[in-house]
Amino acid sequence: MKQSMMVIFIAIALIIFGTVAWYIYSRGALALEGNSMLSAFTWAFWLLVATFFVGQILERGEPGVIATIISRIGSVGLALFLYLFLFVLFVDFVRVLQHYFHFIPTSLTSGILSGKMLFIYGISLSTMITIGGFINARNPIVKEINLEINKKDSKRDSLKVLLATDVHLGVMLGKNHVQKLVRQINDQKPDIVLFGGDLVDHNPKPVMKQDLGIYIEKINAPLGVYAVTGNHEFMGNPDVTIDYFTKHGVTYIRDTIFNIDGIVQILGRDDKDKSQFTQEVRKSLDEIMNNSISNLPLLLVDHQPVEYDIASKKGVDLMMSGHTHKGQLWPLSILTNLVYENHFGLMQKADTWFYTSSGYGTWGPPVRVGNRPELVVFNLSFK
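First, a word on what this report is: a plain description of the structure on this page. Quick caveat: nothing in here was measured; it's all calculated off a predicted structure. (Residues numbered from 1 in each chain as written. Predicted model: local features only at pLDDT ≥ 70, side-chain atom pairs only at ≥ 80, totals over all residues. Heavy atoms only, no water.)

### Things to note about the packing of helix 2 (residues 37–58) against helix 3 (residues 65–101)
Here is step 1 of the chain: Look at helix 2 against helix 3: their axes get within 7 Å of each other, and the N-to-C directions meet at 125°. Judged on the interaxial angle alone, helix 3 and helix 2 are oblique. Both helix 2 and helix 3 take part in a crossing whose hand is left-handed. Within the contact between the two elements, helix 2 uses Phe 45, Leu 48, Val 49, Thr 51, Phe 52, Val 54, Gly 55, Gln 56 and Leu 58 and helix 3 uses Ala 67, Ile 70, Ser 71, Ile 73, Gly 74, Ser 75, Gly 77, Leu 78, Leu 80 and Phe 81.
Here is step 2 of the chain: For the contact of helix 2 with helix 3, the class distribution of residues is twelve nonpolar, seven polar and no charged. (Axes fitted to C-alpha atoms, helices over the stretch in contact; angles between N-to-C directions. Helix = DSSP H or I, 4+ residues; strand = E, 2+ residues; numbered from the N terminus. Parallel < 35°, antiparallel > 145°, perpendicular 65-115°, else oblique. Left-handed = near helix turned anticlockwise from the far one by under 90°. Contact = heavy atoms within 4.5 Å. Nonpolar A, V, L, I, M, F, W, Y, C, P; charged D, E, K, R; others polar.)

### Here's the deal with the sheet that holds strand 12 (residues 374–382)
As a general point, the strands of a sheet are linked pairwise by backbone hydrogen bonds and lie either parallel or antiparallel.
Here is step 1 of the chain: Here six strands make up an open sheet; going across it, the order is 1-12-2-3-4-5 and the pairing mixed. Both edges of this open sheet fall to strand 1 (141–149) and strand 5 (251–252), since each of them pairs with a single strand only.
Here is step 2 of the chain: Inspection of the sheet shows strand 2 (residues 158–164) paired to strand 12 by six bridges, in the antiparallel sense. The residue of strand 12 that forms the bridge with Leu 162 is Val 377. (Pairing = 2+ DSSP bridges.)

### A few points about the pattern of salt bridges
Here is step 1 of the chain: Under the criterion given, the structure shown has 16 salt bridges.
Here is step 2 of the chain: In this structure, Lys 247 and Asp 243 form a salt bridge, with 3.2 Å as the shortest nitrogen-oxygen distance.
Here is step 3 of the chain: Taking relative accessible area as the criterion, Lys 247 reaches 61% and is therefore assigned exposed.
Here is step 4 of the chain: Residue Asp 243 is classed as partly exposed on the basis of its relative accessible area of 40%.
Here is step 5 of the chain: Arg 254 serves as the salt-bridge partner of Asp 270, at 3.0 Å between the closest nitrogen and oxygen. Here the residue Asp 270 occupies a position in the loop between strand 7 (264–268) and helix 11 (274–277), and Arg 254 occupies one in the loop between strand 5 and strand 6 (256–260), the gap between them amounting to 16 residues.
Here is step 6 of the chain: According to the relative accessible area criterion, Arg 254 is partly exposed, its value standing at 29%.
Here is step 7 of the chain: One salt-bridge network, in which partners are shared between bridges, spans Arg 254, Asp 270, Lys 274 and Glu 280. (Salt bridge = Lys/Arg side-chain N within 4 Å of Asp/Glu carboxyl O. Buried < 20%, exposed > 50% of the residue type's maximum accessible area, 1.4 Å probe, protein only.)

### Re helix 2
Here is step 1 of the chain: The end-to-end C-alpha separation of helix 2 is 31 Å, in line with the 32 Å expected for 22 residues at 1.5 Å each.
Here is step 2 of the chain: All buried positions along helix 2 are accounted for by Phe 41, Phe 45, Leu 48, Val 49, Thr 51, Phe 52 and Gly 55. For helix 2, the buried positions fall inside an angular range of 150° around the axis, keeping them on one side. Of the residues in helix 2, the exposed ones pointing more than 90 degrees away from the buried face are Trp 43, Leu 47 and Ile 57. (Expected span 1.5 Å × (residues − 1). Arc of directions from axis to C-beta.)

### Considerations on the packing of aromatic side chains
Here is step 1 of the chain: In this structure the tally under the stated criterion is 19 aromatic pairs.
Here is step 2 of the chain: Both rings, one in Phe 45 and one in Phe 81, keep their centres 5.2 Å apart while their planes meet at 45°; by these two values the pair is tilted. Here Phe 81 lies in helix 3 and Phe 45 lies in helix 2, a separation of 36 residues in the sequence. Taken individually, Phe 45 and Phe 81 each receive the classification buried, so the pair is uniform in this respect.
Here is step 3 of the chain: Their ring planes at 75° and their centres at 5.2 Å tell us that Tyr 244 and Phe 245 sit as a pair that is edge-to-face. Judged on exposure class, the residue Tyr 244 and its partner Phe 245 are both buried.
Here is step 4 of the chain: Grouping aromatic residues by their ring pairs yields a cluster made of Phe 17, Trp 22, Tyr 25, Phe 41, Phe 45, Trp 46, Phe 52, Phe 53, Phe 81 and Phe 119. (Phe/Tyr/Trp six-rings, centres within 6.5 Å; stacked < 30°, edge-to-face > 60°.)

Okay, structure coming up:
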C-alpha cells in the first residue's frame, strides 16, 4: 500500500477508535458520577485502550511472551469495546425516546434502570458476549458439501477437496491453533487441501519464530497441499511467507493453473489487493486460462469473493473464497453482506458453483460472534 494511503488509513482508524472510546467512557463516567467505582473504571478503561495500541505496535516486530500477552489482551478488549459501544448506543436511543414519550416509569429509572445499574448491565452483557465469542472462535466446525460437476475427462469419478481459508497464524493464533487445524484436516482424509489465502496474519516473523511450518508438514493429502495469497500476505512480506511455507510442503498457485495428474485443474489467483502493496497487478482470468483444458474439472481459488460473472463465463466449475469471515463480529456481517455478492455460503450462477467460507481463524480480536469458524470439505463427483 502506498505510504500516503497507509498514513490516511491509520489516521482515520485512530480518529474513529478514539471517538468511540471517548463516547463509551463518557457515558460510563456519567452513569457512575459520584460513585466510588468511577476511579477504578477510569483506570481500567484507559489501561485497556493503551494495551490495544501498545499491542498493535509490538506484534509487528518479533514479540516475546510479554508482548504477545499484551497484544492478545488488547485485541480481546477491542471486541469488548464493540459490544459496550452498541449497548451505550442502544441506551442513549431509548433515552431519547423516553424524553419525548415518557414510557418508562420513574420508579424504574431510579431503581433497576438507574445509571449505576445500566453500567453493570452493560459491562456484564458485553463481557459475556466477548467470552462466548472467544470460546466460539476456538471451536471450528467441519462442513461437508456434496457437488456434482458435469466434466467427463477426469481420470477419477470423485474427489474430496478440503478448503481452509483465513487461518491467520501469528501472534494471536499459534501452536495450539495450527495443531488443531492439522488434526481436523487429517481426520477428514482429503485428497487435496487448499489454503484460500491469509494463512498468516500479515507478519511472518512470529510464525517462523514458533516454526509453525513443521505442523503444516504433517498434513496428509495424497494429491498435495496448495495455497493462494490473501491480502494479509501482502500486508506483511509475501516473499518471506511464501518461501517459508513452500519449504514446509505447501505449493503456492499464483496466477496460474495446475493440472493435478489429469484429475482436476486448480486455478489460483493472487489477491485482488496485490497492487495496493506492490508495483504489480494480478493477471486476468483470460491470461491465466490460456493453458486450461476445457473438459477437465476446473476449480478456482480466489481469496476474495469477486468477479463472479467472469468466472462463470470462463467455465469455472467451483470457485472457493474466504476473506469476509462472515463479518466475524456481529453486526459487522450486515456490512459484509452489503459489500459482497456472496459474503458466506454456497450459491450457483449458470453452471458455476461459488462458496465463500467464514474462515478458520480470526483477524484482530480472537473472537467470533454470530458465525462459526470452519473447514469446508467438498465431495465432488464428476459426471
